[in-house]
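Read off the chains here:
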Amino acid sequence: MIKNKALLGILFFISSLISVYSCTSKDSDRDDTKIKTARVVGYLSSDNTNKMTSIPFCKLTHLNVAFANPDKNGNIIFTGDIDGLIKYAKSVNPNIIISISLAGGVISEEQASNWSLLIDKPENRPAFIQNILNFVELHKLDGVDVDLEWNAVTSGYSGFVLELRKSLTEHKKILTAALPNNSRFENITASALNAFDFLNIMAYDSTGPWTPNNPGQHSSLDFAKEGINFWHKLQNVPSEKLTLGVPFYGYNFTFTPVTSSTYSQIVQAGTQFADQDEVGKIYYNGRPTIAAKVEYAAQNTGGIMIWELAQDSFDEYSLLEVIHKKYNELKIKTTTLCGN
């Protein structure tokens with residue numbers, strides 16, 4: 001009887017070990033096979049809302065509608081069919097997260113003055129932020145993207161961002177920012193930087209119309225890597241909060257002044273150009289470079305950002321399709337739509 005009890009005890013002990021090992025093994029398997037996800041963020045200019053039906057929103061996780069700016073009283077001004085755009089995009093992709101993008105890389109002196117008035121004086125911020133929130137609620141938006149750049153990043157920037165963050169959080173809205181590839185504006189504090197849900201890194205425009213005597217590639221893969229390293233290693237931003245920006249346009253240095261060309265225009269001139277990065281003195285990103293950037297982003301960032309969606313070629317040469325297909329090949333989930 002004692003021997004039987006001892007034998008039963010040993011068997012119970014062994015079965016317990018097997019059970020624990022089995023559970024541990026399954027947990028490990030789950031960790032090893034955890035599905036990776038990525039953001040695909042696209043900007044659409046107010047000038048191009050009429051092209052909305054050409055854009056496959058099923059390939060985007062986020063849409064930033066660009067741009068809105070305040071008047072001197074803090075009222076938010078946007079030109080374009082924002083309600084029609086939101087309705088259409090949500091009909092195609094119910095889960096797409098749509099934000100209004102504020103300011104922009106090119107704003108007028110009057111707009112810059114309005115921004116300074118509204119954010120540099122703390123007493124002006126609450127009413128202005130309420131106007132932003134009212135705009136977001138009125139148009140059923142999911143968040144706000146701040147694209148103040150260079151001289152427009154004034155002394156009140158960080159205070160404004162922190163107050164806006166608090167207000168948006170209370171209403172369960174997101175807050176993001178567009179920032180240069182390898183520069184941090186001195187008026188952005190660490191707390192303001194941390195307040196954003198994620199950052200859209202503009203890894204393009206290393207040269208352009210402002211440097212007509214410096215023709216060449218404005219958005220190389222090396223330039224992109226330099227920017228991500230800058231924000232991650234030097235500014236201590238977690239990799240998953242970085243979104244690598246890619247251009248759907250190029251610059252034509254053939255004549256002065258230097259002009260921009262959309263990827264669509266370049267491909268229309270010759271479909272063979274879809275797999276190149278330069279044609280004469282026109283420099284852009286073709287399909288292989290975009291694919292390489294997605295591969296890099298998959299390992300080092302939380303996703304890909306696009307400026308600007310309407311500049312794509314809406315056919316078999318589409319760069320957005322390259323992004324979508326490459327994430328599929330890497331077994332990384334984006335929207336779960338359009339075959340992803």
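Read on for a plain summary of the structure. (Residues numbered from 1 in each chain as written. Predicted model: local features only at pLDDT ≥ 70, side-chain atom pairs only at ≥ 80, totals over all residues. Heavy atoms only, no water.)

## Side note on the overall build of the chain
Then, in step 1: Per the secondary structure count, the chain includes ten helices and 15 strands.
Then, in step 2: Structurally, the chain occupies a C-alpha span of about 100 × 55 × 40 Å along its principal axes.
Then, in step 3: Here the chain has roughly 16500 Å² of accessible surface; of this, 54% comes from carbon and sulfur atoms.
Then, in step 4: Charge-centre separation for the chain: the mean point of 30 positive side chains lies 10 Å from the mean point of 35 negative side chains. (Helix = DSSP H or I, 4+ residues; strand = E, 2+ residues; numbered from the N terminus. Areas by Shrake-Rupley, 256 points an atom, 1.4 Å probe, with all protein chains shown as cover. Lys, Arg positive; Asp, Glu negative; His and termini not counted. Charge placed at Lys NZ, Arg CZ, Asp CG, Glu CD.)

## Here's the deal with the environment of glutamate 329
Then, in step 1: Tracing the backbone through its elements, the reader meets glutamate 329 in helix H10 (residues 319–329).
Then, in step 2: Spatially, the C-alpha atom of glutamate 329 lies 24 Å from that of serine 264, the residues being 65 residues apart in sequence.

## Concerning the layout of surface pockets
Then, in step 1: Empty space within the largest pocket amounts to approximately 870 Å³.
Then, in step 2: Considering the residues around the largest pocket, the lining is formed by 30 residues, among which Gly105, Val106, Asp205, Tyr249 and Tyr251 are closest to the centre.
Then, in step 3: Of all the elements in the fold, those that place two or more residues in the lining of the largest pocket are strand S7 (174–180), strand S10 (249–252) and strand S11 (259–262).
Then, in step 4: The element best represented in the lining of the largest pocket is S11, accounting for four residues.
Then, in step 5: The class makeup of the residues in the lining of the largest pocket is 16 nonpolar, eleven polar and three charged. (1 Å grid on protein atoms, 1.4 Å probe; cavity = no way out; pocket = protein on both sides within 12 Å on 5 of 7 lines; lining within 4 Å. Points joined across faces, edges and corners; volume = space filled by probe spheres on them. Nonpolar A, V, L, I, M, F, W, Y, C, P; charged D, E, K, R; others polar.)

## Brief notes about the sheet that holds strand S12 (residues 278–279)
Then, in step 1: If you trace the four strands from one edge of the open sheet to the other, you get S11-S10-S13-S12, paired in antiparallel fashion. The sheet is open, and its two borders are formed by S11 and S12, each paired with just one other strand.
Then, in step 2: Across four bridges, the pairing between S10 and S11 is antiparallel. Paired with asparagine 252 across the bridge in S11 is threonine 259. (Pairing = 2+ DSSP bridges.)

## Examining the state of the cysteines
Then, in step 1: Taken as a whole and assessed by the stated rule, the structure comprises one disulfide.
Then, in step 2: Each sulfur of the disulfide joining cysteine 58 and cysteine 338 lies 1.7 Å from the other. Here the S-S torsion is close to -55 degrees, and the disulfide linking cysteine 58 with cysteine 338 is therefore left-handed. Of this pair, cysteine 58 sits in the loop between strand S2 (39–45) and strand S3 (62–70) while cysteine 338 sits in the segment after strand S15 (332–333), and the two are 280 residues apart along the sequence. (Disulfide = S-S within 2.5 Å.)

## Description of the packing of helix H4 (residues 125–138) against helix H5 (residues 157–170)
Then, in step 1: Between H4 and H5, the shortest axis-to-axis distance is 10 Å and the interhelical angle comes to 50 degrees. Relative to H5, H4 is oriented oblique. In the crossing of H4 with H5, the sense of the turn from one axis to the other is right-handed. Across the interface between the two elements, Arg125, Pro126, Phe128, Ile129, Ile132 and Leu133 from H4 touch Gly159, Phe160, Glu163, Leu164, Ser167 and Leu168 from H5. (Axes fitted to C-alpha atoms, helices over the stretch in contact; angles between N-to-C directions. Parallel < 35°, antiparallel > 145°, perpendicular 65-115°, else oblique. Left-handed = near helix turned anticlockwise from the far one by under 90°. Contact = heavy atoms within 4.5 Å.)

## Considering H4
Then, in step 1: Between its first and last C-alpha atoms H4 spans 20 Å; for 14 residues at 1.5 Å apiece the expected length is 20 Å, and the two agree.
Then, in step 2: All of the buried residues in H4 are Arg125, Phe128, Ile129, Ile132, Leu133, Phe135 and Val136. Buried residues of H4, viewed axially, fall in a sector of 155 degrees; they line one side.
Then, in step 3: Immediately downstream of H4, the backbone of lysine 140 shows phi near 55 degrees, a positive value. (Expected span 1.5 Å × (residues − 1). Buried < 20%, exposed > 50% of the residue type's maximum accessible area, 1.4 Å probe, protein only. Arc of directions from axis to C-beta.)

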